[in-house]
Each structure stands twice: as structure tokens, then as C-alpha cells.
Amino acid sequence: MKTTQMARRFVIASLLALLAPIVLFAPQAYAETYVAGQFGVTFPQSLSNGTVTQDGFGGLDFSDQPLKSSAMLGAKLGHYFTKARWLGIETGLSYTTPHVKEGTLTFSGPGGPPQTTGVLSGLSQRVITWDIDVIFRYPGYRLQPYIGIGPSLFFASLKGPTAPPGQSSTAIGFNAEVGAQYYLTRQWTLCGEGKYSRARMSYSSNDSDPNADPFGFRATYSAFTISVGLGYHF
């Protein structure tokens, strides 16, 4: 229920953020809208500050778990205005699979030494990210550098022999990006981009699943992604 309410609030806030510039600038401006496809590589940092949870309450801490680099696929939809050519709004989806590397899992808690419980192996992770960004660009002739920042909604899931069944997380985080686009023609652009994403993930099992594990965990997910893409402006 909390996850559903959080997602609903995110959608409402994102729609308001998208509509505000349109209300401010649309009456006096012609639109420049674009779509783009991207592919690249995600370099995730370790899942850090991990805490085991039960029924939403924290318990033992566990060691950082390194993640593997992964290919990334994404798509964007954006909008600029002629009377504010340096300002834009953008939404995008990306898909990546930063699997957990094989390694030991060490727990620690108050009043006792760290305890190593075993080796994690074959643990795969899928992360889908939905971004809503405000974009600031230099509206040059062909080459246009830009920066952007905004909230993100993360959907993550874990699978594997060492993962409790049905572990998934929906979390609100943020992203910041910097890049440049080059106009090959009036309508087609080639772009390169670097993006940093971060969220506090809360992995838990589906309560309706009879095989669901009662335990979950929280951990900080962060990643840097380098990508290239092709855009069409209309």
C-alpha cells in the first residue's frame, strides 16, 4: 500500500513539473519536441549501507555487495520552447541489469562481531528507471551542450538461487546528467551523455506470494551511465 501511494504521488508531482513550463511559456512560443533512443554502459557502485529488515523494521547490517557493469537501453521524450530556448523538460525510461557479483555476505550488529554466512552466487538484478528532468542547454547552432536534473522512479527485482523468492523494490531517487547533442540536419541529432542515478532501495517479497520470504533488506543503489543516442526533432 505504501509503495502504491508513493508511486501515485510521484506521478502527480511529475505531471505538475511537466505542465508548469508549458503553462508559463506555451502561449508565447512555438514548440520543439524530440524523441531519442539510447544505448550505453552502466557502471554501478556496490549496494551499500545494507540493512536486513523484517516487517519494515531494520535489524542487522550487512557488507557492501559489488555489482557488475551492464549494457543499458533507453528512450526519451523531450520538449523545448522558442521563447525559452535554453530550458526544456524531458522524460525517459532506461533498462539495465547490474547483477550482484559472487562474494561473501557478512552480517554485523550491536553487541557482537561480524558473522560471515556464506557466498552469494547467480544473483541477477534488473533495474528499470523512469526519469523526469528539467534540462538546461546552450542553444547554439549545431553543437548544444546541456545539463539536467530531476526525480527518478526505480523498479528493481532480484532473482537467483541465493535470493529469497519475489524480492523487488520500488523507490524514488534522483538523477543528474550532462551531455551534448549535435544537429546532423534540422531534425536529426547525435548525442552523448553521462548520467548519475541514486536511490535508497527497499527490497521485499510479494505478500500475496505463498512462497514469499518474510525478510527483506534496504540498500543504497547508485550508478553512472555513459550512453550515445540518436534523436528526431519535430
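Described in the following lines is the structure provided in the data block.

Cut-off values and rules
Residues numbered from 1 in each chain as written. Predicted model: local features only at pLDDT ≥ 70, side-chain atom pairs only at ≥ 80, totals over all residues. Heavy atoms only, no water. Helix = DSSP H or I, 4+ residues; strand = E, 2+ residues; numbered from the N terminus. Buried < 20%, exposed > 50% of the residue type's maximum accessible area, 1.4 Å probe, protein only. Lys, Arg positive; Asp, Glu negative; His and termini not counted. Salt bridge = Lys/Arg side-chain N within 4 Å of Asp/Glu carboxyl O. Polar contact = N/O pair within 3.5 Å; in protein donor to acceptor, adjacent residues only side chain to side chain. Contact = heavy atoms within 4.5 Å. Pairing = 2+ DSSP bridges. Phe/Tyr/Trp six-rings, centres within 6.5 Å; stacked < 30°, edge-to-face > 60°. Lys NZ or Arg CZ within 6 Å of the ring centre and 35° of its normal.

Description of the side chain of Asp 133
For step 1, the next point in the chain: Considering the arrangement of structural elements, one finds Asp 133 in strand β8 (residues 124–137).
For step 2, the next point in the chain: Here Asp 133 occupies a buried position and makes no salt bridge, while the nearest side chain of opposite charge, Lys 195, is found at 4.3 Å.
For step 3, the next point in the chain: Within the structure, the side chain of Asp 133 is placed 2.9 Å from the side chain of Asn 175, a separation counted as a polar contact.
For step 4, the next point in the chain: When sequence neighbours within four positions are dropped, the list of residues in contact with Asp 133 reads Gly 88, Ile 89, Glu 90, Ile 149, Gly 150, Pro 151, Asn 175, Glu 177 and Lys 195.

Remarks on the side chain of Gln 65
For step 1, the next point in the chain: Checked against the element boundaries, Gln 65 lands in the loop between β3 (57–62) and β4 (70–81).
For step 2, the next point in the chain: Relative accessible area serves as the criterion here: at 4%, Gln 65 is assigned to the buried category.

Considerations on the environment of Thr 42
For step 1, the next point in the chain: When you line up the elements, Thr 42 lands in strand β1 (residues 31–44).
For step 2, the next point in the chain: With relative accessibility at 2%, the residue Thr 42 sits in the buried group.
For step 3, the next point in the chain: A C-alpha to C-alpha distance of 8.8 Å links Thr 42 and Lys 68, two positions 26 residues apart in sequence.
For step 4, the next point in the chain: When near neighbours in sequence (up to four residues on either side) are disregarded, Thr 42 contacts Ser 69, Ser 70, Met 72, Thr 96, Tyr 221, Ala 223, Phe 224 and Thr 225.
For step 5, the next point in the chain: Only 3.0 Å separates the side chain of Thr 42 from the side chain of Thr 225, close enough to count as a polar contact.

So, the pairing of strand β11 (residues 188–203)
For step 1, the next point in the chain: Of the pairings in the sheet, the one linking strand β10 (residues 168–183) to β11 comprises eleven bridges and is antiparallel in character. Bridge assignment links Ala 176 to a residue of β11, and that residue is Tyr 196.
For step 2, the next point in the chain: Between β10 and the antiparallel strand that follows it, β11, lie four residues.

Topic: the packing of aromatic side chains
For step 1, the next point in the chain: Counted under the stated rule, the structure contains eight aromatic pairs.
For step 2, the next point in the chain: Taking the centre distance of 5.7 Å and the plane angle of 25° together, the rings of Tyr 34 and Tyr 80 count as stacked. With Tyr 34 in strand β1 and Tyr 80 in strand β4, this residue pair connects regions lying 46 residues apart in the sequence. Tyr 80 matches Tyr 34 in its accessibility class, with the two residues each being buried.
For step 3, the next point in the chain: Ring pairs connect the aromatic residues Phe 62, Tyr 203 and Phe 217, which therefore count as one cluster.
For step 4, the next point in the chain: Directly above the ring of Tyr 80 sits Arg 137, whose terminal nitrogen or CZ lies 3.8 Å from the centroid.

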